[in-house]
Amino acid sequence: MIKLDAKIPEGPLATKWTDYRSKVKLVSPNNKRKLEIIVVGTGLAGASAAATFGELGYQVKTFCFQDSPRRAHSIAAQGGINAAKNYQNDGDNVYRLFYDTIKGGDYRSREANVYRLAEVSVNIIDQSVAQGVPFAREYGGLLDNRSFGGVQVKRTFYARGQTGQQLLLGAYQAMERQVARGNVKEFTRHEMLDIVLIDGKARGIIARNLITGEIERHAAHAVVLATGGYGNVFYLSTNAMGSNATAIWKAHKRGAAFANPCFTQIHPTCIPQMGEYQSKLTLMSESLRNDGRVWVPKRAEDVKKKPADIAEEDRDYYLERMYPAFGNLVPRDVAARAAKKVCDEGRGVGPTGRAVYLDFKDAIQRLGHHVIEERYGNLFEMYEKITGDNPYETPMMIYPAVHYTMGGLWVDYELMTSIPGLYATGECNFSDHGANRLGASALMQGLADGYFVIPMTIGNYLSNDIRTPLPETSSAEFEQTEKEVKERLEKLMSINGKRSVDHFHRELGKIMWEYCGMSRTAEGLQKARGMVQELRKEFWKDLRVPGKMDELNSELEKAGRVADFMELAELMIIDAYNRNESCGGHFREEYKTPDGEALRDDENYAYVAAWEYAGMDKDPILHKEELNFEVVTPSTRSYK
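Residues numbered from 1 in each chain as written. Predicted model: local features only at pLDDT ≥ 70, side-chain atom pairs only at ≥ 80, totals over all residues. Heavy atoms only, no water.

S.K.: Would you take a moment to explain the overall build of the chain for this structure?
M.R.: Secondary structure assignment for the chain yields 17 helices and 19 strands. Taking 26 Å as the expected radius of gyration for a compact globule of 640 residues, we find that the chain reaches 24 Å, a close match to that expectation. Seen through its principal axes, the chain has C-alpha atoms that stretch 75 × 60 × 50 Å. Out of the 640 residues in the chain, the part that is buried amounts to 62%. (Helix = DSSP H or I, 4+ residues; strand = E, 2+ residues; numbered from the N terminus. Rg over C-alpha atoms; globule rule 2.2 N^0.38 Å. Buried < 20%, exposed > 50% of the residue type's maximum accessible area, 1.4 Å probe, protein only.)

S.K.: How should I be thinking about the packing of aromatic side chains in this particular structure?
M.R.: The description of an aromatic ring pair uses the distance of the two centres, along with the angle that the planes make with each other. Counting across every chain of the model gives 25 aromatic pairs. Following the ring pairs from residue to residue traces out a cluster consisting of Tyr95, Phe98, Tyr99 and Tyr115. Sitting over the ring of tyrosine 158, arginine 146 keeps its end group 3.7 Å from the ring centre. Between arginine 579 and the ring centre of tyrosine 607, over which it is positioned, the NZ or CZ distance is 5.1 Å. (Phe/Tyr/Trp six-rings, centres within 6.5 Å; stacked < 30°, edge-to-face > 60°. Lys NZ or Arg CZ within 6 Å of the ring centre and 35° of its normal.)

S.K.: How should I be thinking about empty space enclosed by the protein in this particular structure?
M.R.: With a probe scaled to a water molecule rolled over the atoms, the places where space remains empty come into view. Following the criterion strictly, the structure yields four cavities of 30 Å³ or more and no others. Its volume calculated, the largest cavity comes out at about 70 Å³. Lining of the largest cavity is provided by Thr264, Gln265, Ile266, Asp333, Ala336, Arg337, Asn436, Met518, Gly584 and Gly585. Residue assignment for the lining of the largest cavity shows that the elements contributing at least two residues are β11 (264–270) and α9 (332–347). Formed jointly, the lining of the largest cavity draws a minimum of three residues from each of two domains, domain 2 (267–402) and domain 3 (495–600). (1 Å grid on protein atoms, 1.4 Å probe; cavity = no way out; pocket = protein on both sides within 12 Å on 5 of 7 lines; lining within 4 Å. Points joined across faces, edges and corners; volume = space filled by probe spheres on them. Domains from an automatic or database assignment.)

S.K.: Is there a simple way to explain the sheet that holds strand β8 (residues 215–219) in this structure?
M.R.: For sheets, the rule is that strands pair by backbone hydrogen bonds, running either parallel or antiparallel. Pairing in this open sheet of three strands is antiparallel, and the strands run β6-β7-β8 from one edge to the other. For this open sheet the edge positions go to β6 (190–198) and β8, each flanked by a neighbour on one side alone. Each neighbouring strand pair of the sheet contributes to a mean axis angle of 25°, computed without reference to strand direction. Note that β6 and strand β7 (residues 201–209) share eight bridges and pair antiparallel. Counted as the bridge partner of leucine 197 is alanine 202 from β7. (Pairing = 2+ DSSP bridges. Axes fitted to C-alpha atoms, helices over the stretch in contact; angles between N-to-C directions.)

S.K.: So what exactly am I meant to see when it comes to the layout of surface pockets here?
M.R.: Computed from the structure, the second largest pocket encloses a volume of approximately 690 Å³. As for the second largest pocket, its lining consists of 25 residues, and the residues nearest its centre are Leu236, Gln273, Arg354, Tyr399 and Trp513. Elements that contribute at least two residues to the lining of the second largest pocket include exactly β15 (396–405) and α14 (501–516). Sorting elements by how many residues they give to the lining of the second largest pocket places α14 first, with five residues.

S.K.: I'm lost on the domain arrangement of the chain in this one. Help?
M.R.: Often the size quoted for an interface is simply the accessible area lost on bringing the parts together. Split by domain assignment, the chain resolves into domain 1 (13–263 + 406–465), domain 2 (267–402) and domain 3 (495–600). Contacts between the two partners involve 32 residues from domain 1 and, on the opposite side, 36 residues from domain 3. Along the contact surface separating domain 1 from domain 3 lie five salt bridges. Between glutamate 567 and lysine 253 there is a salt bridge, with its nearest N and O atoms 3.1 Å apart. There are 17 residue pairs in polar contact (both at pLDDT 80 or more) connecting domain 1 and domain 3. Among the elements that take part in the side of domain 1 that touches domain 3, helix α7 (residues 246–253) stands out by supplying five residues, more than any other. (Contact = heavy atoms within 4.5 Å. Salt bridge = Lys/Arg side-chain N within 4 Å of Asp/Glu carboxyl O. Polar contact = N/O pair within 3.5 Å; in protein donor to acceptor, adjacent residues only side chain to side chain.)

S.K.: Please explain the side chain of threonine 238 as it appears in this structure.
M.R.: Its place among the elements puts threonine 238 in the loop between β9 (222–225) and α7. By relative accessible area, which is 5% here, threonine 238 ends up buried. Only 2.7 Å separates the side chain of threonine 238 from the side chain of histidine 403, close enough to count as a polar contact.

S.K.: In this structure, what is going on with the nonpolar core? I would like to understand it.
M.R.: The nonpolar side chains of a soluble globular protein tend to be buried with one another. Phe53, Ile81, Leu225, Tyr318 and Ile458 are the most contacted members of the largest nonpolar core, which has 188 residues in total. Counting residues per element, this core draws most heavily on helix α16 (residues 554–578), which supplies 13 residues. Setting aside chain neighbours within four positions, we find isoleucine 81 in contact with Ile124, Ile125, Phe135, Arg155, Thr156, Phe157, Thr163, Leu167, Ala440, Leu443, Met444 and Leu447. Core analysis: the second largest hydrophobic core is formed by six residues, Tyr235, Leu236, Leu281 and Leu283 among them. (Core = buried A, V, L, I, M, F, W, Y, C linked by side-chain atoms within 4.5 Å.)

S.K.: Mind showing me how you'd approach the packing of helix α3 (residues 44–56) against helix α12 (residues 442–462) here?
M.R.: The geometry of α3 relative to α12 is characterised by a closest axis approach of 8 Å and an angle of 30° between their N-to-C directions. As the angle between them shows, α3 and α12 are arranged roughly parallel. Judged by the twist between their axes, the crossing of α3 over α12 is right-handed. Contacts between α3 and α12 involve Leu44, Ala45, Ser48, Ala49, Thr52, Phe53 and Leu56 from the first element and Leu443, Gly446, Leu447, Gly450, Tyr451, Ile454, Pro455 and Ile458 from the second. For the contact of α3 with α12, a count of residues per class yields eleven nonpolar, four polar and no charged. (Parallel < 35°, antiparallel > 145°, perpendicular 65-115°, else oblique. Left-handed = near helix turned anticlockwise from the far one by under 90°. Nonpolar A, V, L, I, M, F, W, Y, C, P; charged D, E, K, R; others polar.)

S.K.: Looking at this structure, I do not really get the sheet that holds strand β16 (residues 408–409). What am I missing?
M.R.: Spatial strand order, β16-β10-β18-β19: four strands in an open sheet with antiparallel pairing. Looking at the sheet topology across the chains shown, the edges are occupied by β16 and β19 (621–626). Summarising the sheet, strand β18 (residues 607–612) and β19 pair through six bridges and their orientation is antiparallel. Pairing of glutamate 612 across the sheet is with isoleucine 621, part of β19. Contacts from α16 reach β10 (258–259), β18 and β19 within the one sheet, and its direction differs from that of β18 by about 140°.

S.K.: For this particular structure, what's the right way to read α7?
M.R.: Residues three or four positions apart in an α-helix share a direction because the helix packs 3.6 residues into each turn. Here α7 lies mainly inside the structure; seven of its eight residues are buried. Of the positions making up α7, those classed as buried are Thr246, Ala247, Ile248, Trp249, Lys250, Ala251 and His252. Just past α7, the residue glycine 255 takes up positive phi, approximately 130°.

Here's what the structure looks like:
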């Protein structure tokens, strides 16, 4: 039975992290060389952690399924990274970033973790600039900032629409320096398929070499997961097609609690789906809402007209109308539901009627073509290549799509899961974003966790292991775990049915989007659970995986990931059904205000839902971490 201990330090919120660092156990430099850490995932959180571990003197092994760490999905992040630097002198500070994050997450996140995130955000920018990250600068040479949704200050640092790419290259270079020094050893094209536990502690992983098909054993004193989110459970999402949940799901089945799995973010600014067999969706950065105005026709009969033929007085700038204080920069969950609402009214545009306009005409007239090109040029080019439309001349068409998952493995203040020695960083943990992530905060959390938090907190655990020898991979625990991994792969290969992996993944995505997507109902969730169970049975009866197990086999890779998505999907549905309230990205139609806004239930649901795995086809066990708000008083969110 799992017991949750968040390990939140005593004392005032503003000094918790400082006090923790002054008292935490340390590992001496001589002893760090004796300790080995496995880092799974080499995006922003993983690469920054590996680089910092190596710099500190630990011996590190990194694993990624891509052919290079530079291919991590972090590279796709476009708009920017938040930090409470107050360079614009507009009233920003650490507390305001903390407050905006708590409020933006609809009061469903842990205060101590969020305040620490805001506190260390200021260091991330200095670190990245020192690495050569080319942030945008003002005419005088100072770093520039722009706004993002859910805030009223400019705190987002950016490198045009390529911020994730530039930050990842900085972290990658730092990690490669440690590779050259011999402190970090890279394993690319390797996928972690299970966690190895010895005496209840995470002591290694089983991985598959994706080139040769060989199953490998790797031991360590601690394991850090940095494997990103599980948005691809919906099939169509803005995630890279290889993004998956296998690492965290295997950890969950070994005893790591899974927190708030139903908290999924639907990004309002994506290129709409164009066809039934489309394989993924493309994000258009939230930064575009700084200068683009969102609208639809006021009358349903005008939706087939060209936007230029619709007069200004016949346009409904609905975000500006509904939320005058924040306008087009309301948080993502609010903007996404508003887009769905106007489309449900029959005023959506485009071939499917599931799109709204994002118009830059006014900004171009006010600022000039060259300014818009300087800010968003690469994003405009990307949109034109995909759609064939020039957004300088005609409005973009956008619609909400699955983007980020706020849920993930439960972690304590030290980022350790409920399995001793197993840590989760970045998007694969639940800790910082509550029920809705503010824009430009994903990059902030990934780098905060990797550069500044886990290098400090992991010492508290490893300080007790300086006399512990590296586990032998020939041990019975490694032997048994590898045996179970092989048996599962063999089972997938032996089904020999008629349906492809993509068929089942696509069907799963349709169920999840329809019943556990932008809005949920108790009736729909009950129906969806039964549908997922039936689909999972069909998967294990009629799946066909071509090729062989002991060779390069991308279909086998996908099959294992979709099998895990099938199980995770049911947990997401159970969690959504259990949470009888609307908050952030979790919108239950039964719980809304008279004007259609989310209606929280703080009396009964101000907790983290941490689920314990109870076995296949058994209901998971719910554990609650009550959320205590010592500084911020939960209130009804208003952006009007």
